[in-house]
Amino acid sequence: MSGIAKTSVLVEEGGNQCRKRSNLSASSDQCSKRSKLDDMSSNEKKSNFSMLNPNINGTIKMTTSSMNKPGATTKKLVIKNFKSKPNLPENYQETTWSKLREAVIAIQTSKAIAYSLEELYQAVENMCSHKMASQLYVNLTNLVEAHVKSNIEQFLSESMDRQVFLKRMDDCWRAHCRQMIMIRSIFLYLDRTYVLQNPSIHSIWDMGLDLFRHHIAMNTLIQTRTVDGLLTLIERERGGDAVDISLLKSLLRMLSDLQIYQDAFEHKFLQATERLYCAEGQRLMRELAVPQYLAHVEKRLREENERLLHYLDPCTKWQLIHTVERQLLSEHVSGVLSKGLESLMDGPRLRDLATLYSLFSRVKDGLTELCNHFNAYIKKKGRTIVIEPERDKTMVAELLEFKEQLDNVVSTCFQRNDRFLYSMREAFEHFINQRQNKPAELIAKFVDLKLRAGNKEATEEELERLLDKIMVLFRFIHGKDVFEAFYKKDLAKRLLVGKSASVDAEKSMLSKLKQECGGGFTCKLEGMFKDMELSKDINITYKQHLSATSEGGGLELSVYILTMGFWPTYAAVDVRLPGELTRHQEHFAKFYLAKHSGRKLQWQATLGHCVLRAHFTQGNKELQVSLFQALVLLLFNDGDNLSFEDIKTATNIEEGELRRTLQSLACGKARVLMKTPRGRDVQDRDHFAFNGDFTNKLFRIKINQIQMKETSEEQKATEERVFQDRQYQIDAAIVRVMKMRKALSHNLLISELYNQLKFPVKPGDLKKRIESLIDRDYMERDKDNPNQYNYVA
């Protein structure tokens, strides 16, 4: 082995190959030596190669079994370079390329390859190792180019069917891709060495794509027919026909891989899409109702997204979807809303509204337009509820139902969008104040109705939820002082007559009002509850006093002590009371004033109610009546038949009140009196007699109590009191502002007053109050500037 020339050796595992990294090919001598090595047994080869260990100076150490013995010396084997440079065989490049060319043509013509792929790969590697890579790349390029050019003719026939053309194009493209993959696998060494070291040239795969693109795909006729065929297939699919999706996907992927997708196809595709949906949108807007149109738009968007998923390039997504949205939605936003929003809201058709919101959120200003039309719808619908007097009886109930419906729409369909919540509140506040004062009055009466009959109609929890909903309406009204006046009057009736269904509900409502408007708004209402509690203690003490003095008699008297500033103002009525009742009143006044000296008691006959024991032929009954009704009925203890004038003289009740009282006793459901002549109205010449034959299945009978029904006079009086209170508040605000500013122009004063006053007021009303204060010397006009006011200290 010492005769082997020195060279660097690469040893592979198993010892089956030995590749030399020199620039020379193996000579015939070397081949003979390699054949001798091959004849060695495998065990010998393994043992020999296992002993080869390269060190840093390029020599190879050989270790034998004898070297392991103590004292043995190490022998070195030195391998030297060839003395002469080996030469390649003649015509090596031509012979090797001929072999490779034959293999490439076999691949292109789908024939069997005569050589093994390993042999072909080795041939490419050898050519690259001997600096033939550049020529090899050129030869391969020319060969591939010639084959690509040979495929052009099949696509130039004018009579070819469009579907056949697309199929043939797809087959050609797929075949080209398969061929280039196999060719690249053979020339992989060329791709990984020569191409990698030369960034200016294409890889073998890119070279194949470039040739196909240049000679076939970029051919004007072929490209036009290909793109037109693709557009026709897509148009047919959009029309509902079944098409070959795999063919579409393959050809569009071809355009993407060839990097001509956008230039050759996308622009034309988007133009065709725009034309299609422009015409479709205009036609369907005329033919379909809004719910069907929205469903169609949603279906179209879903279909286009599926096309993107199945065969279109992802880069087309934004422009495609934007085109569909613009032609089917953006161009018809106003038309859709004007044509169908009102009917959708009236339903309400929640699913369609959710679809509408979802679609409009995709286009520019879509939600803004939807919100504006939503606001206009609320104002229009709400105004019809508020402004029509014939709907007063159901106004509050309809408003609550309307508000609940809108809340459901905003929550379920509009995703609780803050813009829509604010718009709904603004619209409610606008239309509910279109009819000044009336909504506030009716809301107060609605609360009175529910608090009088709350527990009979609903549970405590349901009543609490209803009160919360009413408070939402209450927030929208401007004339909160009107609400307070009517609410206070109704609360007084409920407390004095004992008709409040739930004390807890009353206090809950009071707490809600206090939280909403502050303590100043509810201080008088709280004072009313406090008076009722104190009155209960006073009555208990009075009864104990009567028991101790034995002055009670057969009459049981309960008195409510009301603080005049807390309760509504009641007109003093002077009526003639029976002597027994007068004696008890005087006795109670003496008892009360003895404990609270300096106070003044004023009896309010209009607020009194009584329970009378009546004896009828069919048995005894208890009659629950007002004080005026009691005074009339007690007259029949002394006479059986009385005229209207007799009753009027005996009781001194105001004529109108007396007529209503007699009408409730003689013309209502419980007729304890008989009127002659019969009729619903009470006349001056009518006579009345006690109805001894009166029957009723109940023992205690409640007869229509006048004080529980509000007359038109009472309503006007309440409104007048509110107006008077507002004048006082305006006067106080003017004086407060002028006292602080000393001098102020008219416009600035009006502006300050608008900021301070919590109820709606007109400029003319403010001007009248200013003139009134000038007349009363609280302020004066400036001598030099009549448009400016000065405060008078």
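All figures in this text were calculated on a predicted structure; none of them were measured in a lab.

(A) Summary view of a negative patch on the surface. Negative charge collects at one region of the surface, where E460, E461, E462 and D504 lie side by side. Its location among the elements puts E461 in helix α21 (residues 460–476).

(B) Summary view of unusual backbone geometry. Following G347, the chain continues to P348 via a peptide bond in cis, the omega torsion being -15°. As for its position among the elements, P348 is in the loop between α15 (333–346) and α16 (350–360). Looking along the chain, the bond that leaves T676 and enters P677 is cis, with omega of -5°. The backbone of K131 shows a phi angle near 60°, a positive value even though the residue is not glycine. Looking at the element boundaries, K131 is found in the loop between α4 (117–129) and α5 (133–150).

(C) View of the nonpolar core. Core analysis: the largest hydrophobic core is formed by 151 residues, its most contacted members being F187, F265 and F483. Setting aside residues no more than four positions away along its own chain, F187 makes contact with W97, L100, V104, V124, L136, L140 and I204. With 41 residues, the next largest nonpolar core counts L546, L623, V625 and L642 among its residues.

(D) Fine view of the side chain of H587. Within the secondary structure, H587 sits in helix α25 (residues 579–595). Residue H587 is classed as buried on the basis of its relative accessible area of 18%. A distance of 3.3 Å separates a polar atom in the side chain of H587 from a polar atom in the side chain of Y542.

(E) Quick look at the sheet that holds strand β13 (residues 779–781). Pairing within the open sheet is antiparallel, and its three strands lie in the order β12-β14-β13. The open sheet has two edge strands, β12 (743–745) and β13, and neither has a second partner. For this sheet the average axis-to-axis angle between neighbouring strands, irrespective of direction, equals 25°. Pairing of β12 with strand β14 (residues 788–791), which is carried by three bridges, proceeds in the antiparallel orientation. Its bridge partner lying in β14, S745 is registered against Q788. Across the sheet, helix α30 (residues 746–756) is in contact with β12, β13 and β14; its angle to β12 comes to roughly 95°. On top of the sheet, helix α31 (residues 763–775) reaches β13 and β14; it is set at about 105° to β13, its chief contact.

(F) Local environment of the sheet that holds strand β10 (residues 687–690). Strand order across the open sheet formed by three strands is β8-β10-β9, with antiparallel pairing between neighbours. Taken across any chain shown, the strands that pair with only one partner, and hence form the sheet edges, are β8 (641–643) and β9 (673–676). Geometrically, the sheet is characterised by an average inter-axis angle of 25° between neighbouring strands, direction not taken into account. As defined by bridge partners, β9 adjoins β10 across four bridges and the pair is classed as antiparallel. From the neighbouring strand, M674 faces β10, where its bridge partner is A689.

What counts, and at which threshold
Residues numbered from 1 in each chain as written. Predicted model: local features only at pLDDT ≥ 70, side-chain atom pairs only at ≥ 80, totals over all residues. Heavy atoms only, no water. Patch = residues over 30% accessible without salt bridge, like charges linked within 9 Å, V, L, I, M, F, W, Y side chains within 5 Å. Areas by Shrake-Rupley, 256 points an atom, 1.4 Å probe, with all protein chains shown as cover. Salt bridge = Lys/Arg side-chain N within 4 Å of Asp/Glu carboxyl O. Lys, Arg positive; Asp, Glu negative; His and termini not counted. Charge placed at Lys NZ, Arg CZ, Asp CG, Glu CD. Helix = DSSP H or I, 4+ residues; strand = E, 2+ residues; numbered from the N terminus. Core = buried A, V, L, I, M, F, W, Y, C linked by side-chain atoms within 4.5 Å. Buried < 20%, exposed > 50% of the residue type's maximum accessible area, 1.4 Å probe, protein only. Contact = heavy atoms within 4.5 Å. Polar contact = N/O pair within 3.5 Å; in protein donor to acceptor, adjacent residues only side chain to side chain. Pairing = 2+ DSSP bridges. Axes fitted to C-alpha atoms, helices over the stretch in contact; angles between N-to-C directions.

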